[in-house]
Amino acid sequence: MTLGVMSLLGFNLVDSVFVARLGTEPLAAQSFTFPLVFLTIGVQVGMGIAIAALISRAIGAGQGHRAGRLGVLVLIGGGAVMAALLWLLWAIQDPAFALLGASERLRDVIRPFWSVQVLASWTGAMAYFGYSLFRAHGNTRFPGTMMILTSLVNLALDPLLIFGFGPVPALGLEGAAWASLAAFATGGLTTAWFLRGRGWLERDGVLAEARASAGPFAHIAGPAMVSQLMPPLAAMLATGLVARLGESAVAAWGLTSRLESFSIVLVLGMTMALPPWLGRCYGAGRWQEVERVMAAAARMVVIWQLVLGVLAALCAAPLAALLVESPAVRDALTQLIRFLPPSYGLLGVCMLVVSASNALGWPMRAMLISFLRLFACYLPLLWLGAWLGGLTGLAIGAGAGNLLAGAMAWAFYKKGLRRHLETSP
């Protein structure tokens, strides 16, 4: 699963690296779309968390037919919700990007790219819901394989569609969106084919199941989606703050967000793979096993991310030179890499706790942790750092916010777990 997530995030990073070859303006334009893309991902992940939790609990309780009905509901309901959200984001794109700080000139660059990107996002969401069904049934190998496949398709199409070759015209920034659409469509169609005949989808009694599961689903999905929507909101506020430092800073900030997602791939893999396991432990009341699994996961995340972060900080200048050609963007990216990656270990702990809390029946706790992480730790220190020291201060503040958030999240998790350990046999 981790390899699959790494490949999927790798193609997002590859997108930005290829777009960077087009110049600062296209890279800045793409970077302004990231908060809205993260918004759509937040909704789909929130729904995926809820449905995976319900399905894994149903399987743990021996309710296979109910799990099949829930599988149908996530595909139909999830597709409809994502279609409505993406249509809204397409309709309000001009005021939204203006609010983020994009100039009218940049909005002209964004418009054709965003029209294709919203379709790619819906297709990617449907593929993600299919992957969630496999994860809920304990199969993490297939989603990981599909993520590798989609990344390879995107990697092959990105340079072809962005720069053109032979009879294929150069589409520039818009070509990156078309490559993503083709990659996600490949993943979605292949997943649909492999879902056939597994018995994981059951149409009989779906309407009754929708009524019966609406309450439990809302109980998990509501707080989970709020938790997942907070990072995009924070990203919008952060992008607006960075936009005051110029287009080069926005371009570097957008590329750093892609590097962050790629560098915390182990964490993201765990947040996808652990909830079904934890959900089964929750259904069976095995809280001591939950403690062992979470302790091992947290140790692995902290050690791995610390080593990776220190190496990235030491190699910041050559890494930035490898990714971008513009001197201004390269200098800004170097400053960000020096201070942010070493903090990703405790950021990963925070993300693990949020994911685990949803699987363990603590959705309100997960929402509170997400809120405190972003609006009590990350954004205040980000703003303070930018006010005191420009881009370098902003990077230091963001790193300090990540460290504080991880320590806070782990304290919340231990407090919630202690109560269950005291009452478990």
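Criteria and cut-off values
- Residues numbered from 1 in each chain as written.
- Predicted model: local features only at pLDDT ≥ 70, side-chain atom pairs only at ≥ 80, totals over all residues.
- Heavy atoms only, no water.
- UniProt positions renumbered as here; feature names shortened; annotations may be inferred.
- Helix = DSSP H or I, 4+ residues; strand = E, 2+ residues; numbered from the N terminus.
- Rg over C-alpha atoms; globule rule 2.2 N^0.38 Å.
- Buried < 20%, exposed > 50% of the residue type's maximum accessible area, 1.4 Å probe, protein only.
- Contact = heavy atoms within 4.5 Å.
- Areas by Shrake-Rupley, 256 points an atom, 1.4 Å probe, with all protein chains shown as cover.
- Polar contact = N/O pair within 3.5 Å; in protein donor to acceptor, adjacent residues only side chain to side chain.
- 1 Å grid on protein atoms, 1.4 Å probe; cavity = no way out; pocket = protein on both sides within 12 Å on 5 of 7 lines; lining within 4 Å.
- Points joined across faces, edges and corners; volume = space filled by probe spheres on them.
- Nonpolar A, V, L, I, M, F, W, Y, C, P; charged D, E, K, R; others polar.
- Patch = residues over 30% accessible without salt bridge, like charges linked within 9 Å, V, L, I, M, F, W, Y side chains within 5 Å.
- Salt bridge = Lys/Arg side-chain N within 4 Å of Asp/Glu carboxyl O.

- In the annotation of an unreviewed UniProt entry, the entry for the chain reads MATE family efflux transporter, and the organism field reads Alloalcanivorax gelatiniphagus.
- Database annotation for the chain, UniProt heading Subcellular location (unreviewed entry): "Cell inner membrane".

1. What about the overall build of the chain?
- A count of helical and extended segments in the chain gives 15 helices and zero strands.
- Expected size for 425 residues packed as a compact globule is a radius of gyration near 22 Å; at 21 Å, the chain falls within 12% of this value.
- Taken over the C-alpha atoms alone, the chain extends approximately 60 × 50 × 35 Å along its principal axes.
- By residue count, 54% of the 425 residues in the chain fall in the buried class.
- A sequence separation of at least 24 residues applies to 82% of the contacts in the chain between residues at least 6 apart.
- When the accessible area of the chain is evaluated, it comes to approximately 17,300 Å², of which 70% is carbon and sulfur surface.

2. Remarks on the side chain of Thr191
- As for its position among the elements, Thr191 is in helix α7 (residues 173–195).
- Of the polar contacts made by the side chain of Thr191, one reaches the backbone oxygen of Gly187; its length is 2.7 Å.

3. Details of the layout of surface pockets
- In this structure, the largest pocket spans a volume of roughly 370 Å³.
- Leu259, Ser263, Leu308, Ala312 and Leu319 are the residues nearest the centre of the largest pocket, which is lined by 20 residues in total.
- Looking at the lining of the largest pocket, the elements with two or more residues in it are α1 (2–20), α9 (247–263), α11 (287–314) and α13 (327–339).
- Considering every element that reaches the lining of the largest pocket, the biggest residue donor is α11, with six residues.
- Its residues assigned to classes, the lining of the largest pocket shows 15 nonpolar, four polar and one charged.

4. Focus on a nonpolar patch on the surface
- Taken together, Trp87, Leu88, Trp90 and Ile92 make up a surface patch of nonpolar side chains, about 430 Å² in accessible area.
- The exposed category is assigned to Trp87, whose relative accessible area is 58%.

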